[in-house]
Amino acid sequence: MFSIKAAVISFVAALESISGVPIATLDRVDNTQEFWARSAAILCAKTGDNFCEDNMRFMTQNTEPSGFSQIIEYKVGSTGQTKRVCALLPPIDNIDPSYVGEAFTGSFVREAEYPSETSMSAWLYLYHAAHCLDTAMNDAEENRAVAFATLGLTILQGDPIFSTSTTTGQSRRIATMIKNNSAWWAAGTGERILFDEFKAETAAILRKSYNCNAQVVSATTIDTTRIGRDTRLQPGQDCAAAGTGVQSPGVVSDANLWIWMYGTGGLGAPPVDYTPAKMFSSMNAAAAYTLTTANKLAQ
């Protein structure tokens, strides 16, 4: 099983690469003075500019459990070019989701509907990283950050539980908790990508290992919470043997995918071991797609 935190770190590095924005990840240090001194060293190392040894004393948020990002503008020398670097402090690993929910909306959801601490921390890491690209500090950039974090978490995590009718995926739980439309549709976009990936894998396994002429039913909707889920596989679509030596038919759809994965004798969920953003050619490609999509959803 992969580490979602390691995947997020790789994803943020990809975001830095495609955006050209330097992102300096800070260390958590309990002592405030040690924190800003360490932050100064990290920022200077990231930029290669010796601008920060004496003016980083404003970096005092070392105890913020949810982390933060802060864009710093500086000049090299008194008349040098103005440059930018983003200081990013990751959230703590065991962040309480209720703390985040209250910060976004001032209200709570039922504890049973909270995302996991691990997912919440990963989402916040991506959220702060996305804010490193801000220039206007407006609502559109906030919407972009929540969409980027939500879609990014979905394709990095690859959790197939959303395919059922009874359990909500982690990114969807976060979108519901923070009550943001951009996050809601970003979760749907990510679930659409996962639906297509898992359907294709399921059909490939059925063809190769079960002598089943499985066909995939294509779909495009990102309103994935409204997709009806079948209660059973229909006759003629269930790969039931049609006779000796005869290849039986099968159908894999959004509605029945969960049965193929989770049903009695199912193929497993997901059908093939998942690796973060596996449907993209590279982590850079995944980050670029996520950023482009987040910009569209933020409008």
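Above: the structure in question.
Residues numbered from 1 in each chain as written. Predicted model: local features only at pLDDT ≥ 70, side-chain atom pairs only at ≥ 80, totals over all residues. Heavy atoms only, no water.

Colleague: Explanation requested: the pattern of salt bridges in the structure shown.
Modeller: Oppositely charged side chains may form a pair once their charged atoms are brought near each other. Scanning the model with the defined rule gives 14 salt bridges in all. Here Asp-134 and Arg-144 are joined by a salt bridge, their closest N and O atoms 3.3 Å apart. Here the residue Asp-134 occupies a position in the loop between α4 (117–131) and α5 (139–157), and Arg-144 occupies one in helix α5, the gap between them amounting to ten residues. For Asp-134, a relative accessible area of 5% corresponds to the buried category. A relative accessible area of 12% places Arg-144 in the buried class. Here the residues in one salt-bridge network are Arg-192, Asp-196, Lys-199 and Asp-254, joined through shared partners. (Salt bridge = Lys/Arg side-chain N within 4 Å of Asp/Glu carboxyl O. Helix = DSSP H or I, 4+ residues; strand = E, 2+ residues; numbered from the N terminus. Buried < 20%, exposed > 50% of the residue type's maximum accessible area, 1.4 Å probe, protein only.)

Colleague: When you look at the nonpolar core in this model, what are you seeing that I'm missing?
Modeller: Inside soluble globular proteins, nonpolar side chains tend to come together where they are buried. The biggest cluster of nonpolar side chains holds 48 residues, and the ones touching the most others in it are Val-8, Phe-11, Met-120, Trp-123, Leu-126, Phe-148 and Leu-156. At the level of elements, α1 (4–19), β3 (82–89), α4, α5, α6 (170–178), α7 (181–209) and α9 (283–297) are the ones that each hand at least two residues to this core. What Trp-123 contacts, discounting residues up to four positions off in sequence, is Phe-104, Val-146, Ala-149, Thr-150, Leu-153, Ile-174 and Ile-178. In this structure, Ala-203, Ile-227, Leu-257 and Met-261 belong to the second largest nonpolar core, which totals 17 residues. (Core = buried A, V, L, I, M, F, W, Y, C linked by side-chain atoms within 4.5 Å. Contact = heavy atoms within 4.5 Å.)

Colleague: What is the right way to look at empty space enclosed by the protein in this model?
Modeller: A complete count under the given rule lists one cavity of 30 Å³ or more for this structure. Its boundaries defined by the atoms lining it, the largest cavity holds a volume of some 60 Å³. Every residue along the wall of the largest cavity is listed here: Thr-154, Gln-157, Asp-159, Phe-162, Gly-169, Gln-170, Ser-171, Glu-191 and Leu-194. Among the elements of the structure, α5, α6 and α7 are those that each provide at least two residues to the lining of the largest cavity. For the lining of the largest cavity, the class distribution of residues is two nonpolar, five polar and two charged. (1 Å grid on protein atoms, 1.4 Å probe; cavity = no way out; pocket = protein on both sides within 12 Å on 5 of 7 lines; lining within 4 Å. Points joined across faces, edges and corners; volume = space filled by probe spheres on them. Nonpolar A, V, L, I, M, F, W, Y, C, P; charged D, E, K, R; others polar.)

Colleague: Would you explain the side chain of Asp-254 in this entry?
Modeller: Summarising the element assignment, Asp-254 is placed in the loop between β5 (248–252) and α8 (257–262). Separated by 2.8 Å, the side chains of Asp-254 and Arg-192 make a polar contact. Looking at Asp-254, its side chain comes within polar contact range of the side chain of Lys-199, at 2.9 Å. Those residues in contact with Asp-254 that sit more than four places away from it in its chain are Arg-192, Phe-195, Lys-199, Ala-219 and Ile-227. (Polar contact = N/O pair within 3.5 Å; in protein donor to acceptor, adjacent residues only side chain to side chain.)

Colleague: How should I be thinking about α1 in this particular structure?
Modeller: Each turn of an α-helix holds 3.6 residues, which means side chains three or four residues apart point in the same direction. Along its 16 residues, α1 runs 22 Å from first to last C-alpha, staying within 8% of the 22 Å computed at 1.5 Å per residue. Of all the residues in α1, the buried ones are Ile-4, Ala-7, Val-8, Phe-11, Val-12, Ala-14 and Leu-15. Along the axis of α1, the buried residues cluster in a sector spanning 160°; they form a single face. Here the buried face of α1 lies against β1 (23–25), α4, α5 and α9. Within two residues after α1, Gly-20 carries a phi angle of roughly 75°, on the positive side. (Expected span 1.5 Å × (residues − 1). Arc of directions from axis to C-beta.)

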